[in-house]
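In case you want the letters, here they are:
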Amino acid sequence: MAAVLGMQTPASASQSPCPVVEDVRVAPDIPTPVEVQVGVGPGATENQVPRNIAEAMEAALDRVQADSGAEAVGAAIIVPDVGRWSATRGAGPRDLFSVGSIGKSVTAALVMADVEAGRISLEDPLSRWFPRLRAAEHTTIDQLLTHHSGYASFNAFPALHGRLPPERPQRLVRFAVRRSAEACPSDVFSYSNTNYVLLGLVLEDEHDHLLHEVMLEKVLTPVGLGRSRAMDRAMPPPELLQGHDPDGRAVTSVDYGAPHGAGNLAMTAHDLATLWHALLSGHIASPPQVDLMLDGWTRMNPPTPIGGEPTAQPDGPEMYYGRGVMLIRAPSDDGWLVGHLGGIRGFSSMVAWSTSQDAVIAVTLNGSTHAEAAFWALHEALRATLESP
């Protein structure tokens, strides 16, 4: 498959030298909250949470739907040694939401598993798989994972702003790389979907299968996410809900499988919470590799141009990026959220482990509204209930 991945770029661009970047990892001036403990307790439980917690979460979910204006909303929590809860509004229990960029976490975990297996090194140059790609000899796997490659996000350009046809991932990469101003690694964080499409193509080459097949075999089936789908382009599952713009209009110009390694998953909130618990607990990549995903955070905000993805505002909570994982300061307590946001036109989602509550919280909406507010509402409802006598 390697020959298929080679992409010709203009000779002048491919010959442009890139400066050496000594260190693109800038750790925050704070102790990393997950330096010692990886995961969320001894394991998920299928027991239901006590009635008082369930009632509080049901009421919070009603408020989330009313405040968000979304037609359909899903939510789920896992509290180790306490239980789990999930519910939907405006959708059935098997209806699926596109979870957008949360798929990057799965792509990153699969890459880290291949690092441990010796298939890939974080320092491997991209030219190992893309010998003719612009600046590939200067760009490493780690710089893709951490968004320091210099490749612009394919959806940052007007031709793909707000729309995404069922293009082959190689064409999306070619489109973005040819339009990237510098295309050189940098110590400046710049979120780019192109980075994770490239990582998805690397995984395809290493496993000799299409990415959605790799995800099914290595993640969805072993973790027991039978309702969820890793989508290929032009193959939306029938259970996928209709996405909507903020004004309520149906979105018809986005193929939700086209983002490839940057976010091709369709899930219920129940499965999303299960996925996140499994990932942090070391059931997709091993605990030492999860440690690396949570190592050396780079400051995300004040926000950089990231092609329309949801991000904190300059006066919002602190946000950092690891390798496929976000670290967000909880606005209401001294805890942190270890998770990822998922925004794609028509859908919005967020999943995270709250360090203060030792709980995984997931929320999914079929509307183009940021999921952060919905997540905070659920987080606060859980916190108030757990702290009540």
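Anything mentioned here points back to the structure above.
Residues numbered from 1 in each chain as written. Predicted model: local features only at pLDDT ≥ 70, side-chain atom pairs only at ≥ 80, totals over all residues. Heavy atoms only, no water.

Draft legend 1. Layout of the sheet that holds strand 8 (residues 326–329). Here we have eight strands laid out as an open sheet, ordered 2-1-11-10-9-8-7-6, and antiparallel in their pairing. Whereas interior strands pair on both sides, the edge strands pair on one side only; in this sheet they are strand 2 (83–89) and strand 6 (298–299). Pairing between strand 6 and strand 7 (residues 319–321): two bridges, direction antiparallel. If you follow Thr298 over to strand 7, its bridge partner there is Tyr321. The strands touched by helix 11 (residues 372–387) within the sheet are strand 1 (73–79), strand 8, strand 9 (336–344), strand 10 (347–354) and strand 11 (359–365), with strand 11 carrying the most contacts at an inclination of about 140 degrees. (Pairing = 2+ DSSP bridges. Helix = DSSP H or I, 4+ residues; strand = E, 2+ residues; numbered from the N terminus. Contact = heavy atoms within 4.5 Å. Axes fitted to C-alpha atoms, helices over the stretch in contact; angles between N-to-C directions.)

Draft legend 2. Focus on the environment of Val360. As for its placement among the helices and strands, Val360 is situated in strand 11. Given the relative accessible area of 0%, Val360 is considered buried. With 19 residues separating them in the primary sequence, Val360 and His379 have C-alpha atoms 9.4 Å apart. (Buried < 20%, exposed > 50% of the residue type's maximum accessible area, 1.4 Å probe, protein only.)

Draft legend 3. Quick peek at the pairing of strand 1. Burial analysis of strand 1 places seven of its seven residues in the buried class, which makes it a mostly covered element. On strand 1, burial covers both faces: Val73, Ala75, Ile77 and Val79 on one face and Gly74, Ala76 and Ile78 on the other are all buried. The pairing of strand 1 with strand 2 spans seven bridges and is antiparallel. Directly across from Gly74, in strand 2, lies its bridge partner Thr88.

Draft legend 4. Region of interest: helix 8 (residues 211–223). Over its 13 residues, helix 8 runs 17 Å from end to end, which matches the ideal 18 Å to within 8%, given 1.5 Å per residue. At Glu217, helix 8 shows its maximal bend, which comes to roughly 35 degrees. What helix 8 keeps buried is the set Leu211, His212, Val214, Met215, Val219, Leu220 and Val223. Where the residues of helix 8 are buried, they touch helix 4 (103–117), helix 7 (193–207), strand 4 (229–230), strand 5 (265–267) and helix 9 (269–280). (Expected span 1.5 Å × (residues − 1). Bend = angle between axes of the 7 residues up to and from the residue.)

Draft legend 5. How the structure looks around the pattern of salt bridges. Counted by the stated rule, this structure contains 14 salt bridges. Residue Glu206 pairs with Arg128 through a salt bridge whose shortest N-O separation is 3.3 Å. In this pair, Glu206 sits in helix 7 while Arg128 sits in the loop between helix 4 and helix 5 (141–145), placing the two residues 78 residues apart along the sequence. The salt bridge involving Asp245 is made with Arg345; its shortest N-O contact spans 2.6 Å. Remark: Arg345 occurs in the loop between strand 9 and strand 10 and Asp245 occurs in the loop between strand 4 and strand 5; sequence separation between them is 100 residues. Judged by relative accessible area, which is 11%, Asp245 ranks as buried. (Salt bridge = Lys/Arg side-chain N within 4 Å of Asp/Glu carboxyl O.)

Honestly, it's all geometry; don't read function into it.
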